[in-house]
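Each chain, written out:
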Amino acid sequence: MIRRLEPNETDLLREVYTWDRDYPAWFQDLERVAGWPLEQFLKEAPDRADLGVFEDDEFVALISIIRRDVGIYEGHVWAKRKTKIEHLASAVSWVVERLIGDLQMRFGYVWIAKKNRPIKKMCTLSGLRFDGTT
């Protein structure tokens, strides 16, 4: 199930920031250097669409969408470790379809750490394509 989170659901938004404790050390290091500080993330919640992904009523992933210009959207994906990549890919694919169909998205982008193979697989399964930018 996917549902839009309200900006005041800070308990769920804060939970996202606990998930990286289970991530590999290289990712935790990356987040310390280039991550989105929690307080900024919470403050900017009204300016984004935060979509919670739930499996059996458990909050397992967050897809955040930010409108950058007319028809241009930036996406962010967080997931609990061991979340099924196929389920996450299905959720991302649904969001992309809604952005294209409902909001006339003509360009969307996500940033992916080079070493993050699971998210690369999720993008491929979702039908997203890599542009080669590094």
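In this text, all values refer to a predicted model and were calculated from it rather than measured experimentally. Residues take numbers from 1 onward in each chain, read along the sequence in its written order. Note on the predicted model: pLDDT of at least 70 is required for a residue's local features to be given, and 80 or more for side-chain atom pairs to be given and counted; whole-chain, interface and lining totals, by contrast, use all residues. Computation of side-chain values covers all heavy atoms of the structure but excludes hydrogens and water.

**Details of the packing of aromatic side chains**
Here is step 1: Paired rings are identified among Phe, Tyr and Trp, the last through its six-membered ring, by centres lying within 6.5 Å, and are further divided according to the angle between planes into stacked (under 30 degrees), edge-to-face (over 60) and tilted (the rest). All told, the structure shown has seven aromatic pairs when counted by the stated rule.
Here is step 2: With 5.1 Å between their ring centres and 80° between their planes, Trp 36 and Phe 41 make a pair best called edge-to-face.
Here is step 3: Each residue gets one of three labels from its accessible area relative to the maximum for its type: buried under 20%, exposed over 50%, partly exposed in between, using a 1.4 Å probe on protein chains only. Residue Trp 36 is classed as buried on the basis of its relative accessible area, which comes to 16%.
Here is step 4: Classification of Phe 41 as buried rests on a relative accessible area of 0%.
Here is step 5: These aromatic residues form a ring-pair network of at least three members: Tyr 17, Trp 36, Phe 41 and Trp 78.
Here is step 6: Only when the NZ of Lys or the CZ of Arg is both within 6 Å of the ring centre and within 35 degrees of the ring normal is a charge said to sit over the ring. Here Arg 48 stacks its cationic end above the ring of Phe 41, 4.0 Å away from the centre of that ring.

**A look at the pattern of salt bridges**
Here is step 1: What counts as a salt bridge is simple: a side-chain nitrogen of Lys or Arg found within 4 Å of a carboxyl oxygen of Asp or Glu. Applying the stated criterion across every chain, the model contains seven salt bridges.
Here is step 2: Between Lys 80 and Glu 15 there is a salt bridge, and its shortest N-O distance comes to 3.6 Å. With Lys 80 in the loop between β4 (72-79) and α4 (85-103) and Glu 15 in helix α1 (residues 10-16), this pair connects stretches of sequence that are 65 residues apart.
Here is step 3: One salt bridge connects Asp 50 with Arg 48, and the closest N-O pair in it is separated by 2.8 Å. An identical accessibility class is assigned to Asp 50 and Arg 48; each is buried. Secondary structure is summarised from DSSP: a helix means a run of H or I of at least four residues, a strand means a run of E of at least two, and numbering begins at the N terminus for each.

**A word on unusual backbone geometry**
Here is step 1: One non-glycine residue, Asp 57, lies in the positive phi region at around 65°.
Here is step 2: Structurally, Asp 57 is set in the loop between β2 (49-55) and β3 (58-69).
Here is step 3: The exposure class assigned to Asp 57 is exposed, which follows from its relative accessible area of 74%.

**Looking at the sheet that holds β4**
Here is step 1: Only when DSSP finds a minimum of two bridges between them are two strands counted as paired. Pairing is mixed in the open sheet, where five strands are placed in the order β1-β2-β3-β4-β5. Unpaired on one side and paired on the other, β1 (2-4) and β5 (107-109) mark the two borders of the sheet. Across the sheet, the mean angle separating the axes of adjacent strands is 25° when strand polarity is ignored.
Here is step 2: Bridge analysis of β4 against β5 gives three bridges, and the strand direction is parallel. Within the sheet, the bridge partner assigned to Glu 74 lies in β5 and is Tyr 109.
Here is step 3: The contact definition used throughout considers only heavy atoms, calling two residues in contact when any of these lie within 4.5 Å. Every axis in this analysis is a line fitted to C-alpha atoms, fitted for helices over the stretch in contact. Angles between the N-to-C directions lie between 0 and 180 degrees. Of the strands in this sheet, β1, β2, β3 and β4 are in contact with α4, which crosses β3 at around 30°.

**Remarks on helix α5 (residues 117-126)**
Here is step 1: By the burial criterion, the buried members of α5 are Ile 119, Met 122, Cys 123 and Ser 126. Axial view of α5: buried residues confined to an arc of 100°, hence all on one face. For α5, the exposed residues lying more than 90 degrees away from the buried face are Arg 117 and Thr 124.
Here is step 2: Residues of α5 that are buried sit in contact with β4 and α4.
Here is step 3: With its phi angle positive at about 90°, Gly 127 sits one or two positions after the end of α5. Regarding the arc, it is the one traced by the directions from the helix axis to the C-beta atoms.

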